[in-house]
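# Fold and geometry: a report
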Amino acid sequence: MQLLWTYIVSGLTTAAIYAIAATGLVLTYTTTGVFNFAHGGVGMMAAFTYWQMRFGWHWPAPVALVLVLFVLAPLFGALLELVMMRRLDGTSDTTKLVVTLALMLATIGAATWIWNPNEARPIRKFWENSVVTVFGVRLPWHQVIALILAAVVAVALRLLLTRVRLGVAMRACVDDRALASLNGARQSRVAMASWAIGTSLAALAGILIAPTLNLSQLPLTLLIINAYAAAMIGRLRSLPMTFVGAIILGVSTDLLKGYADRISSWTSIDSKFLSGFYQSWPIVVLFLVLLLLPQNRLRSHTATRNREYIVKPTWPGTGLFVGIIVGGAIMLSYVLPKADLFSLNKMWGLGIIGLSMIPLVGYSGHISLCQLSLAGVGMVVMHHMGAHGNPIALVWAAVVAGIVGFIVALPSLRLSGIYLALSTAAFAVLMDRWIFVLPKWKLFGYSFDLFNGGNLNIVKTRLFGMRLTGYRSFFVFASVAFALVVMVVVLIRRSTYGQRLIALKDSPAACATLCMNPKITRLSVFTISAAIAGFGGAIYGQAMQSVTPQSLDFVAGLSILMVMVIGGLTSPGAALFMGMFLGSPFVANVAGKVVPSFSQLQTVLVGLVGIGLGKNPNGFIPSDIRPNWNIFLKHRAALGAVLVAFVGLWILRRADVFDNWVFAWCCLGLLALAPVVLRIITKEPFPPRREPGAEVPKLSVPVDQLGLTGPVSDEDARTLDQMLALPSVSG
Amino acid sequence: MGDALLELRGVRAGYGGIEVVHGVDLVVERGQVFGVLGPNGAGKTTLMKVAAALHPPTAGDVIVAGRRVNGATPDQLARAGLCLVPEGRGIFPNLSVRENLWMNTYAGASMADVEAAAYAQFPRLKDRRNQTAGTLSGGEQQMLALARAVATRPAVLLLDELSMGLAPQLVEHLYDAVVAIARQGVSILVVEQFAKTVLGAASQAAIMVGGRIVKVGTPAELEDELSAAYLGGH
Ligand SMILES: Nc1ncnc2c1ncn2[C@@H]1O[C@H](COP(=O)(O)OP(=O)(O)O)[C@@H](O)[C@H]1O
Ligand SMILES: [Mg+2]
């Protein structure tokens with residue numbers, strides 16, 4: 001009994017910290033409509049900053065605390081509102097989500113960059129060795145303080161929201177933002193205040209929770225993310241319910257940990273199988289809450305104008321793209337040194353994982369944060385079934401990952417937007433914290449050892465009796481695999497099925513009235529993209545040869561998604577770009593000369609660019625590269641000339657006229673200049689710049705009056721084409 | 001035209017490239033109640049939103065007290081003395097009556113003044129001041145919405161379909177309040193779909209059909225035109 005009491009009391013202190021984190025999240029969500037995925041990252045940053053001041057520079061604790069909690073954190077929150085969140089008004093939920101995810105990535109990257117993760121950073125608790133006895137339970141002061149602070153936060157928020165005009169205005173904005181401004185309340189101030197308070201609360205939670213584990217970027221971020229479950233129990237709306245959620249979460253977590261041994265002996269499952277599960281328990285709760293709570297959808301701040309468009313690739317264009325990929329891979333494999341080729345192998349597998357996001361996230365708008373985990377499933381299959389290079393294992397990797405994807409999608413069918421993102425994130429974390437690190441076990445006489453004790457080795461496939469162990473043959477093989485998946489994706493886009501996916505994204509309600517079954521469509525697209533991810537994982541795994549669960553973690557998956565978004569989630573070219581950016585050593589090598597420790601900076605960079613997406617959600621491939629290169633589809637001869645020029649360069653390189661650097665620069669130069677030169681020669685107009693955030697071009701009369709007073713002018717026809725993202729007919 | 005407090009000049013507005021207000025001119029003088037009548041979908045609400053800066057016009061000017069205010073934000077206009085009571089119920093349903101009134105203090109009046117003025121005009125609200133506004137009856141909610149107009153003493157008051165969904169008796173009571181507010185020198189622009197009530201209160205009126213003002217005159221002059229407008233004569 002005493003033991004139970006102990007766990008409950010210590011659970012309450014955990015709950016206190018969760019409550020502090022979750023209320024901040026709820027406050028910003030309700031008042032501004034942005035679910036701040038980066039809440040955990042911000043809290044983590046604050047904890048590191050506090051550590052730096054308190055233990056790095058040995059400042060007195062009160063100074064450091066006041067500076068972080070009441071100056072830096074609120075300033076950062078207000079700044080976020082000013083430069084990022086304000087621009088998100090009128091964008092789709094997906095864009096909002098991507099931007100806050102990018103922010104999270106940027107904070108993690110920045111913290112890793114500033115504070116070397118390989119150094120130990122002890123952070124002491126407040127009044128470390130003092131203990132008080134409450135109801136017969138000995139409680140460290142640190143926990144007592146957490147409890148007191150949670151109570152203070154609850155009371156202070158209550159007072160703010162009912163006794164201060166600014167707080168009442170925050171609640172008024174939840175009800176009706178337009179009406180609040182009709183009353184004269186300054187929207188921007190209210191939003192800034194709530195971001196400032198939210199960020200401060202995240203900081204407080206981060207500082208309180210940090211001493212419970214070693215100060216380390218990702219675990220700390222995930223620990224704060226645990227609190228999202230409490231916010232979900234409060235349905236992102238009710239602060240009292242959020243506190244209740246935090247108590248449920250905190251107490252159940254500590255009870256589970258406390259009774260781990262007994263649970264093991266009751267269920268006769270060795271506790272080493274369950275420890276990962278206990279650690280991920282808050283994530284499990286998050287998953288359950290998402291599935292069980294009634295989803296009377298919150299007021300959705302819908303987009304006034306959708307600024308996103310989806311281009312339909314043509315077969316000739318695709319053929320060209322695919323041909324260049326395979327041809328280019330063959331040519332590259334003959335000029336690159338072995339070591340470079342070896343590390344470049346990864347780009348194709350990564351690229352396929354990126355392609356798996358195109359139908360799911362790009363076409364149908366379901367944000368999935370678990371594609372890399374599904375790829376991990378493919379790797380596991382590849383390890384077990386492809387041990388002797390059996391190529392059928394590739395098929396099985398796709399099939400098993402597809403089935404897992406189906407199972408994940410099944411309960412999440414009614415979720416969308418942030419809820420779907422959270423549930424897939426929960427799945428991803430569960431996989432890399434628990435399933436992938438499970439030790440060997442026996443069931444029904446069979447022995448299972450999923451991840452080979454934490455290190456999968458994956459053997460290269462045999463094909464037509466030929467072992468693809470040669471570095472050159474595997475590089476070409478992987479590029480062919482990538483090209484095939486590109487064609488699958490294009491096939492999906494061009495089929496009626498693809499049109500259905502896009503229609504479903506645009507208006508689920510309208511689709512339901514057209515007798516489409518949205519559930520089957522959703523399930524199928526989840527399954528297909530999971531299968532592609534599994535296949536990609538199998539190829540990626542072969543390139544890496546040995547895989548650890550860490551390489552499949554949540555942040556790695558997030559980076560993939562983010563680079564895809566930057567390239568343009570609807571175009572296969574983005575997957576190629578992503579593979580090259582994240583999977584090749586060149587970017588890091590080149591940039592590493594300029595900026596030391598580039599690999600962390602890479603994450604920051606990706607995050608920062610992702611944040612800019614609020615302005616141009618389409619990505620640079622559909623909005624910049626493609627319009628530039630479209631002209632080559634019309635002038636086949638010019639295209640031939642460019643290709644011949646590439647081959648010529650390659651021959652010169654093979655003849656050792658110059659080295660790889662010159663070759664690379666020449667190729668890049670050719671790529672950049674060719675469309676410009678062709679336009680100058682043929683006197684074709686340059687594509688109109690789609691300035692991010694620029695006004696959509698205007699028609700001379702309102703669209704409903706077009707053609708009433710006379711024939712439609714060429715100008716108007718062109719503008720219409722552009723508005724509807726159609727290929728130009730007038731040009 | 002020295003005393004025009006609200007003036008719309010050639011205002012055009014629309015949604016996503018489709019124009020729904022095709023050039024509207026209106027002048028509301030000090031202390032005047034100006035009624036605009038028009039069938040559903042005429043663009044009345046859109047016009048009001050443009051006047052209150054909730055929706056950007058594609059052409060034309062909005063002039064308040066002689067100053068062109070295009071590009072101002074709604075909260076700036078509100079603090080400068082323009083008050084729009086929007087269509088539906090212009091209240092915050094999850095706030096108490098008192099807190100709703102508290103929101104009215106942004107325009108400059110103190111909370112004590114706001115409460116005093118609101119309860120003087122609508123004594124019923126006083127008994128319910130701690131009740132959540134969403135649980136008030138429709139008429140009480142509309143009183144609360146109007147209380148903002150009473151309490152903040154705006155220079156210009158815009159009322160969008162005050163009578164929507166209310167019993168005729170109640171509507172008459174609300175319009176008495178509107179006339180009382182106008183007597184204090186407030187210029188009032190009120191739009192309605194159904195004629196009777198507003199024509200009794202207005203000193204000038206207009207008919208709006210299909211995004212255009214088709215007729216301006218005294219209420220008496222307009223009464224004959226109305227049936228034609230509603231039957232689609234224009
Ligand atoms: N948010 C909106 N988006 C698109 N069209 C709208 C929107 N609001 C109103 N409309 C259209 O504008 C026209 C005028 O609407 P409104 O100004 O509400 O008319 P009224 O208030 O006179 O009934 C209608 O045809 C309506 O469909
Ligand atoms: Mg209306």
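None of these values were measured; they are calculated from a predicted model. (Residues numbered from 1 in each chain as written. Chains lettered and ligands numbered in written order. Predicted model: local features only at pLDDT ≥ 70, side-chain atom pairs only at ≥ 80, totals over all residues. Heavy atoms only, no water.)

### Regarding the environment of A:G417
Residue and element names in this part refer to chain A. Looking at where G417 falls in the secondary structure, it is placed in helix 20 (residues 417-435). For G417, a relative accessible area of 29% corresponds to the partly exposed category. Taking C-alpha positions, G417 is 27 Å from F436, a pair spaced 19 residues apart along the chain. (Helix = DSSP H or I, 4+ residues; strand = E, 2+ residues; numbered from the N terminus. Buried < 20%, exposed > 50% of the residue type's maximum accessible area, 1.4 Å probe, protein only.)

### As for the sheet that holds strand 4 (residues 59-64) of chain B
Residue and element names in this part refer to chain B. In spatial order, the strands read 2-1-4-5; together these four strands make up an open sheet with antiparallel pairing. Two strands lie at the open edges of the sheet, namely strand 2 (18-29) and strand 5 (67-68), each paired on one side alone. Each of strand 1 (4-15), strand 2 and strand 4 is contacted by helix 1 (residues 44-51), which is oriented at about 120° to strand 1, the strand it contacts most. (Pairing = 2+ DSSP bridges. Contact = heavy atoms within 4.5 Å. Axes fitted to C-alpha atoms, helices over the stretch in contact; angles between N-to-C directions.)

### Focus on the interface of chain B and chain A
Across the boundary between the two partners, chain B contributes 26 residues, which contact 25 residues of chain A. Summing both partners gives a buried area of about 2300 Å² for chain B against chain A, and 60% of it is carried by carbon and sulfur. Summed over the shared surface of chain B and chain A, the result is one salt bridge. The closest approach of N and O atoms between B:E99 and A:R171, which form a salt bridge, is 2.9 Å. There are eight residue pairs in polar contact (both at pLDDT 80 or more) connecting chain B and chain A. Looking at the side of chain B that touches chain A, the elements with two or more residues in it are strand 2, helix 2 (74-79) and helix 3 (97-103) of chain B. Ranked by residue count, the leading element in the side of chain B that touches chain A is helix 2 of chain B, at four residues. (Buried area = accessible area lost by both parts, 1.4 Å probe. Salt bridge = Lys/Arg side-chain N within 4 Å of Asp/Glu carboxyl O. Polar contact = N/O pair within 3.5 Å; in protein donor to acceptor, adjacent residues only side chain to side chain.)

### Quick word on the packing of helix 18 (residues 371-385) of chain A against helix 20 of chain A
Geometry of a packed helix pair, given as the angle between the helix axes and the separation of the axes. Residues and elements named next belong to chain A. Running from N to C, helix 18 and helix 20 cross one another at 40°; their axes reach a closest spacing of 8 Å. Considering their axes alone, helix 18 and helix 20 lie oblique with respect to each other. Remark: the crossing between helix 18 and helix 20 carries left-handed chirality. Between helix 18 and helix 20, the residues in contact are S373, L374 and V377 and F427, A428 and M431, respectively. When the residues that make up the contact of helix 18 with helix 20 are grouped by side-chain class, the tally is five nonpolar, one polar and no charged. (Parallel < 35°, antiparallel > 145°, perpendicular 65-115°, else oblique. Left-handed = near helix turned anticlockwise from the far one by under 90°. Nonpolar A, V, L, I, M, F, W, Y, C, P; charged D, E, K, R; others polar.)

### Remarks on the site of ligand 1
Residues and elements named next belong to chain B. Taken together, Y15, V20, P39, N40, G41, A42, G43, K44, T45 and T46 make up the full set of residues near ligand 1. Take N40: an N or O atom from its side chain is 3.2 Å from an oxygen atom of ligand 1. Measuring from an oxygen atom of ligand 1, one finds a backbone N or O atom of K44 at 2.9 Å. A total of 560 Å² of accessible area belongs to ligand 1 in isolation, and the protein chains cover 58% of it. (Near = heavy atom within 4 Å. Areas by Shrake-Rupley, 256 points an atom, 1.4 Å probe, with all protein chains shown as cover.)

### Digging into the environment of A:G354
Residue and element names in this part refer to chain A. With respect to the secondary-structure elements, G354 resides in helix 17 (residues 346-363). Residues G354 and P572, spaced 218 residues apart in sequence, show a C-alpha to C-alpha distance of 8.4 Å. Excluding residues within four positions of it along the chain, G354 makes contact with M564, A575 and M578.

### Topic: the domain arrangement of chain A
Along its sequence, chain A is carved into domain 1 (2-292), domain 2 (316-588) and domain 3 (701-731). When each unit is reduced to the centre of its C-alpha atoms, the spacing between domain 1 of chain A and domain 3 of chain A is 52 Å. (Domains from an automatic or database assignment.)

### Remarks on a nonpolar patch on the surface
Residues and elements named next belong to chain A. A cluster of nonpolar side chains, contributed by M385, I392, V395, W396, V399, I403, F406, I407 and L410, occupies part of the molecular surface with about 810 Å² of accessible area. A per-element tally of the nonpolar patch places helix 19 (residues 392-409) first, with seven residues. Within the element layout of this structure, M385 appears in helix 18. Taking the relative accessible area as the measure of exposure, M385 reaches 40% and is therefore partly exposed. (Patch = residues over 30% accessible without salt bridge, like charges linked within 9 Å, V, L, I, M, F, W, Y side chains within 5 Å.)

### Topic: the coordination of the magnesium ion (ligand 2)
The magnesium ion (ligand 2) binds to the protein through B:T45 (OG1) and B:E87 (OE); the donor distances cover 1.9 to 2.3 Å. A residue pair is termed long-range when its members are at least 10 positions apart, and B:T45 in helix 1 and B:E87 in the loop between strand 6 (82-85) and helix 3 qualify at 42 residues. (Donors = N, O, S within 2.8 Å, 3.2 Å for Na, K, Ca; no water.)

### Comments concerning the sheet that holds strand 9 (residues 204-209) of chain B
All names here are of chain B. Taken in spatial order, the six strands of this open sheet run 6-7-8-3-9-10, and their pairing is mixed. Edge positions in the open sheet fall to strand 6 and strand 10 (212-217), since each of these has one partner strand only. When strand polarity is set aside, the average angle formed by the axes of neighbouring strands in this sheet is 15°. As judged from the five bridges shared by strand 7 (residues 156-160) and strand 8 (residues 187-192), these two strands associate in the parallel manner. Its bridge partner being in strand 8, L157 is matched across the sheet by I188. Most of the contacts of helix 1 go to strand 7, to which it runs at about 155°, and overall it touches strand 3 (33-37), strand 6, strand 7, strand 8 and strand 9. Along the sheet, helix 7 (residues 168-183) contacts strand 3, strand 7 and strand 8; its crossing angle with strand 8, the most-contacted strand, is approximately 155°.

### A closer look at the domain arrangement of chain B
Residues and elements named next belong to chain B. Split by domain assignment, chain B resolves into domain 1 (1-81 + 156-234) and domain 2 (90-153). Distance between the C-alpha centres of domain 1 and domain 2: 23 Å. Facing the 14 residues of domain 1 at the interface are 13 residues of domain 2. Considering only the side of domain 1, the residues that lose the most area to domain 2 are R79, L174 and I181, jointly responsible for 33% of the buried surface there.

### Quick notes on the nonpolar core
Of all hydrophobic cores here, the largest spans 310 residues; its most connected members are A:F35, A:F37, A:L369 and B:L158. Among the elements that line this core, the one with the most residues is helix 20 of chain A, at 13 residues. With residues up to four places along the chain from it excluded, the contact list for A:F35 reads A:L25, A:Y29, A:T100, A:Y228, A:M232, A:L236, A:I418 and A:L422. (Core = buried A, V, L, I, M, F, W, Y, C linked by side-chain atoms within 4.5 Å.)

### What to know about the state of the cysteines
Throughout this description, disulfide means a covalent bond between two cysteine sulfur atoms. Following the criterion strictly, the structure yields zero disulfides over all chains and no others. Sulfur of A:C173: no disulfide; nearest cysteine sulfur belongs to B:C83 and is 17 Å away. A:C667 supplies the cysteine sulfur nearest to A:C666, a cysteine that is in no disulfide, at a spacing of 6.9 Å. (Disulfide = S-S within 2.5 Å.)

### Some remarks on the pattern of salt bridges
Residues and elements named next belong to chain B. What the rule picks out here adds up to 13 salt bridges over all chains. Across the pair R9 and E7 runs a salt bridge whose closest N-O atoms are separated by 2.9 Å. Residue class for R9 comes out partly exposed when judged on its relative accessible area of 40%. The closest approach of N and O atoms between E140 and R124, which form a salt bridge, is 3.5 Å. One end of the pair, E140, is in helix 6 (residues 138-151); the other, R124, is in helix 5 (residues 123-127), and 16 residues separate them in sequence. Residue E140 is classed as buried on the basis of its relative accessible area of 5%. Several salt bridges converge on common partners, so that one network encompasses R124, R128 and E140.

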